[in-house]
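Geometric and topological summary
The primary structure of each chain is shown beneath.
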Amino acid sequence: MKYDVIIIGAGIVGLATAHAILEARPGLHLAVVEKEPGPGRHQTGHNSGVLHSGIYYRPGSRKALTCRRGYTLMLRFLEQEGIDFDICGKLIVATDNAEVAGLGLLRDRGQANGLDGLRLLSAGESREIEPHVAACAALWVPQAGIVDYGRVAATLQNRVEQRGGIFLFNTRILSLVNGGVRTDTGEVVECTRLVNCAGLYSDRLAPAGKNLDHRIVPFRGEFYQLKSDRQNLVKGLVYPVPDPRFPFLGVHLTRRIDGSVEAGPNAVLALSREGYRWAQVNPRDLAETLAWPGFHRLVRRYWRTGYDEMRRSLSKRRFTQALQRLVPELDSADLVPGGAGVRAQALDRAGNLLDDFLIEKDGNAVHVYNAPSPGATASLAIGEFIADRIYS
Ligand SMILES: Cc1cc2nc3c(=O)[nH]c(=O)nc-3n(C[C@H](O)[C@H](O)[C@H](O)COP(=O)(O)OP(=O)(O)OC[C@H]3O[C@@H](n4cnc5c(N)ncnc54)[C@H](O)[C@@H]3O)c2cc1C
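Quick caveat: nothing in here was measured; it's all calculated off a predicted structure. (Residues numbered from 1 in each chain as written. Predicted model: local features only at pLDDT ≥ 70, side-chain atom pairs only at ≥ 80, totals over all residues.)

A few words on the overall build of the chain. Summing up its helical and strand segments, the chain has nine helices and 20 strands in all. Computed over the C-alpha atoms, the radius of gyration of the chain is 21 Å, within 12% of the 21 Å expected from 2.2 N^0.38 for a compact globule of 392 residues. On the principal axes, the C-alpha backbone points of the chain span a range of 65 × 45 × 35 Å. (Helix = DSSP H or I, 4+ residues; strand = E, 2+ residues; numbered from the N terminus. Rg over C-alpha atoms; globule rule 2.2 N^0.38 Å.)

As a further point, take helix α1 (residues 12-24). With 13 residues, α1 extends 18 Å between its outermost C-alpha atoms, agreeing within 8% with the 18 Å of an ideal straight helix rising 1.5 Å per residue. Counting buried positions over the 13 residues of α1 gives 11, a clear majority of the element. Taken together, the buried positions of α1 are occupied by I12, V13, G14, L15, A16, T17, A18, H19, A20, I21 and L22. Buried-residue contacts for α1 involve β1 (2-8), β2 (30-33), α5 (149-162), β12 (188-196), β20 (365-370) and α9 (375-389). (Expected span 1.5 Å × (residues − 1). Buried ≥ 20, exposed ≤ 12 C-beta atoms within 10 Å, placed from the backbone. Contact = placed C-beta atoms within 7 Å.)

Below, the discussion takes up the environment of S315. Positionally, S315 belongs in the loop between α7 (293-314) and α8 (316-324). Separated by 42 residues in the primary sequence, S315 and R273 place their C-alpha atoms 23 Å from one another.

Let us look at the site of the ligand. As a matter of local geometry, the ligand sits amid 41 residues, with G9, G11, G199, G341 and G375 nearest to it. The set of elements that each furnish at least two residues to the shell around the ligand consists of α1, β18 (335-348) and α9. A breakdown of the residues in the shell around the ligand according to their chemical character gives 18 nonpolar, 17 polar and six charged. Both domains that furnish three or more residues to the shell around the ligand are identified here as domain 1 (1-84 + 146-213 + 352-392) and domain 2 (216-230 + 264-348). (Near = placed C-beta within 6 Å. Nonpolar A, V, L, I, M, F, W, Y, C, P; charged D, E, K, R; others polar. Domains from an automatic or database assignment.)

What the domain assignment lists for the chain is domain 1 (1-84 + 146-213 + 352-392) and domain 2 (216-230 + 264-348). The C-alpha-based centres of domain 1 and domain 2 are spaced at 25 Å. Taken together, the contact between domain 1 and domain 2 spans 18 residues of the former and 15 residues of the latter. Within the side of domain 1 that touches domain 2, the residues separate by chemical class into seven nonpolar, nine polar and two charged.

A separate point is the sheet that holds strand β4 (residues 85-86). Spatially, β3-β8-β4 is the arrangement adopted by the three strands of the open sheet, whose pairing is antiparallel. Pairing within the sheet leaves two strands with one partner each, and these edge strands are β3 (50-51) and β4. Across two bridges, the pairing between β4 and strand β8 (residues 145-147) is antiparallel. What sits directly across from F85, in β8, is V147. (Pairing = 2+ DSSP bridges.)

Structurally, the position occupied by L335 is in strand β18. When the 20 C-beta atoms within 10 Å are taken as the criterion, L335 is described as buried. Along the chain, L335 and A270 lie 65 residues apart, while their C-alpha atoms are 22 Å from each other. Excluding residues that lie within four positions of it along the chain, L335 makes contacts with Y224, L226, A263, K316 and T320.

For the pair α1 and α9, the least separation of the axes is 7 Å and the interaxial angle reads 40 degrees. Classified by the angle between their axes, α1 and α9 sit oblique to one another. Seen from above, α1 lies across α9 with right-handed handedness. Packed against α1, whose contacting residues are I12, V13, A16, T17, H19, A20, I21 and A24, the element α9 presents G375, A376, S379, L380, I382, G383, E384, I386 and A387 at the interface. When grouped by side-chain class, the residues that make up the contact of α1 with α9 number 11 nonpolar, five polar and one charged. (Axes fitted to C-alpha atoms, helices over the stretch in contact; angles between N-to-C directions. Parallel < 35°, antiparallel > 145°, perpendicular 65-115°, else oblique. Left-handed = near helix turned anticlockwise from the far one by under 90°.)

In this section: the packing of α1 against α5. Remark: α1 packs on α5, axes separated minimally by 9 Å, with the N-to-C direction vectors making an angle of 30 degrees. It follows from the interaxial angle that α1 and α5 lie roughly parallel. Crossing of α1 over α5 shows left-handed handedness. Residues I12, L15, A16, A18, H19 and L22 of α1 form the contact with α5, whose own contacting residues are Y149, V152, A153, L156, Q157, R159 and V160. Tallied by class, the residues present in the contact of α1 with α5 amount to 10 nonpolar, two polar and one charged.

Okay, here's the thing in structure tokens:
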């Protein structure tokens, strides 16, 4: 059987793409092929659940554009489907005077990205919003919110099925072949068009012979949870001022839609592309990372940051200290281990962590090579973009 379109990966980006293609062209014969038994089992099901406002991203970048549009589309989708969400707002916190200038830059960037209602706050004003947070100044972002993206993924699957899309779960794609894809059972599934939304494995599914200028390097983000009797320390979303050298936002405190509060994620090298714990080591994944010239350059430049992140991963006391900068009352006894997620972060040969989303068209295929945070917020807009590109 030959499909009009095959999408590899039933994460939120693959699902949103399937949805957008079937909305634009009803009746297409479309299949989503996923190696796991259900949707959203990797990044989509292991993230912070934040509806990002779009404040952080370079104006005009694909991240900025799709985050802003995706946010609007996502809220509409959540309302239509009756999925719980909460626009609780976010406080970005300067914990010392050196960080205050960063708040102004973020405010300007947010305004350039079209955000309204951003407010620079004094320490006292910030305490009115988050009484337990120690800020010397803060930026209030009213648009930020929370949702369960696992639920969004399951609902998108239903919508795609209602529009005639087919899901082939428990099916791993090994490679692309002329006019189709080869599965791990050796079968070739034929298709006219293909979209690679394989997240942590997107580079492995590049066209044969293509010399990619980047590799996916898996960065694990580990979480703790606040014990239930300490969840009152945080009302909404409390973030530090991010380090502009990295695409990660720094450990933060996040209220989840179920009322729990999560602390994290940090960013440590995962020893396997799906390595949710230190003990999960995949020799092929690790060897590929270590052999990539960009990795050596990254380590040479930022070994100190990487070393500190590792120590924080292995020491609850250090993790707590990072959080205490935001909420001094927190104690390590207030934290219990939470989950972890692994970011699919593209790293180029020169050692730069790709900041923007990277989506490339290659013949009849579109490849999503870099879609880390805010990929979940932006997913519906990314899907729209791909649905347009694949037929242009
Ligand atoms: C710790 C963490 C926190 C985050 N927080 C947020 C947040 O608060 N807000 C936000 O907007 N974004 C957040 N993100 C980013 C967001 O989760 C991702 O951008 C988004 O989930 C990417 O979706 P995806 O579909 O590209 O990838 P994934 O969800 O990883 O899906 C890829 C799918 O492809 C499948 N696949 C891979 N290889 C194959 C193969 N060979 N054959 C078949 N199937 C294959 C995988 O099994 C997987 O299901 C966070 C990410 C992490 C890791």
